[in-house]
Amino acid sequence: MAVIVIDGDLLHASEDIIGHQVNCQGVMGSGVARALRDRYGNLYPSYKQFCNQYDSHQLLGQCQLVRTGSKFTANLFGQLNFGRQNVLYTNYEALKQSLTTLKEEAKRDGYSIALPYNIGCGLANGDWNVVESMLQEVFEDYEVTLYRLGS
C-alpha cells in the first residue's frame, strides 16, 4: 500500500503537491481550502478564474494544479456544492476522478503528493471508510502522504 499517514500540519508538508477537495461554486470559505487560500495569495484567484470557465457540473472530477510558491496546490473538484447541512457534499466518483488525474500528473513529473487525512469527510460529510478505500485503490502504485492534525 502506498498510502502513508503521518501526524502533522498539511500546510507544512514537504511534498511537492498539496492536494485538497474543493467545491464547484468558486468558494473557499472554510476548512483546508480556506487555510490554503489564506496562505497562498494567488490560489483563490486562479481557482475562481478556473471555476468561471466552466459550468459547475463540468468541474466535477477535475484537478487544477496551481503553482503556489515552490510547490503546487491541487484543487480537487470532488463536491458540487458546500454548506453546513448534514448532507453528503462529497461526490465519490468525482473525487476519485480528480485524485486519479492528480496521481497521473504527479507521476509524469516525478512529484510527491500530500493530502489532508480525512479528505472529503470533514465539512463535506463523506464516509472515511469509502474515501480511505478509494485512496488505497488510486494510490496502490504511487505514494501519497496523508497529514493528520491534532492526533
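Residues numbered from 1 in each chain as written. Predicted model: local features only at pLDDT ≥ 70, side-chain atom pairs only at ≥ 80, totals over all residues. Heavy atoms only, no water.

Where an unreviewed UniProt entry is consulted, the protein chain appears under the name Macro domain-containing protein, with the organism given as Paenibacillus terricola. In its Catalytic activity (unreviewed entry) section, the UniProt entry covering the protein chain states "an N-(ADP-alpha-D-ribosyl)-thymidine in DNA + H2O = a thymidine in DNA + ADP-D-ribose". (UniProt positions renumbered as here; feature names shortened; annotations may be inferred.)

Trainee: I would appreciate a short explanation of the side chain of Lys 71 in the present structure.
Mentor: Mapped onto the elements of the fold, Lys 71 is located in strand β4 (residues 71–79). Despite its burial, Lys 71 pairs with no opposite charge, the nearest such side chain being Asp 16 at 6.0 Å. If we skip the residues at most four places from it in the chain, Lys 71 touches Ala 13, Ser 14, Glu 15, Asp 16, Ile 18 and Val 66. (Helix = DSSP H or I, 4+ residues; strand = E, 2+ residues; numbered from the N terminus. Buried < 20%, exposed > 50% of the residue type's maximum accessible area, 1.4 Å probe, protein only. Lys, Arg positive; Asp, Glu negative; His and termini not counted. Salt bridge = Lys/Arg side-chain N within 4 Å of Asp/Glu carboxyl O. Contact = heavy atoms within 4.5 Å.)

Trainee: Is there a simple way to think about the packing of aromatic side chains in this case?
Mentor: Ring pairs (aromatic) are described by centroid distance and by the angle formed between their planes. Tallying each qualifying case throughout the model produces six aromatic pairs. Where Tyr 44 meets Tyr 47, the ring centres are 6.1 Å apart and the plane angle is 45°; that geometry is what we call tilted. In this pair, Tyr 44 and Tyr 47 both sit in helix α2 (residues 43–52), three residues apart, roughly one turn of the helix. A relative accessible area of 0% means that Tyr 47 is categorised as buried. Ring geometry for Phe 50 against Phe 77: centres 5.6 Å apart, planes inclined by 35°, an arrangement best described as tilted. Here Phe 50 is found in helix α2, whereas its partner Phe 77 is found in strand β4, with 27 residues between them in sequence. For Phe 50, a relative accessible area of 13% gives the class buried. Judged by its relative accessible area of 0%, Phe 77 falls in the buried class. Grouped by ring-pair contacts, the aromatic residues Tyr 44, Tyr 47, Phe 50, Tyr 54 and Phe 77 constitute a single cluster. Over the face of the ring belonging to Tyr 44 we find Arg 37, whose NZ or CZ atom lies 3.9 Å from the ring centre. (Phe/Tyr/Trp six-rings, centres within 6.5 Å; stacked < 30°, edge-to-face > 60°. Lys NZ or Arg CZ within 6 Å of the ring centre and 35° of its normal.)

Trainee: Explain the packing of helix α4 (residues 92–109) against helix α5 (residues 128–138) to me, please; I cannot follow it from the model alone.
Mentor: A pair of packed helices is captured by two measures, namely the crossing angle of their axes and the spacing between those axes. Interaxial distance between α4 and α5 falls to 10 Å at its minimum, and their mutual angle equals 30°. Classified by the interaxial angle, the pair formed by α4 and α5 is roughly parallel. The element α4 and its partner α5 pack so that their crossing is right-handed. Of the residues in α5, those in contact with Tyr 92, Leu 95, Lys 96, Leu 99, Thr 100 and Lys 103 of α4 are Val 130, Val 131, Met 134, Leu 135, Glu 137 and Val 138. The class makeup of the residues in the contact of α4 with α5 is eight nonpolar, one polar and three charged. (Axes fitted to C-alpha atoms, helices over the stretch in contact; angles between N-to-C directions. Parallel < 35°, antiparallel > 145°, perpendicular 65-115°, else oblique. Left-handed = near helix turned anticlockwise from the far one by under 90°. Nonpolar A, V, L, I, M, F, W, Y, C, P; charged D, E, K, R; others polar.)

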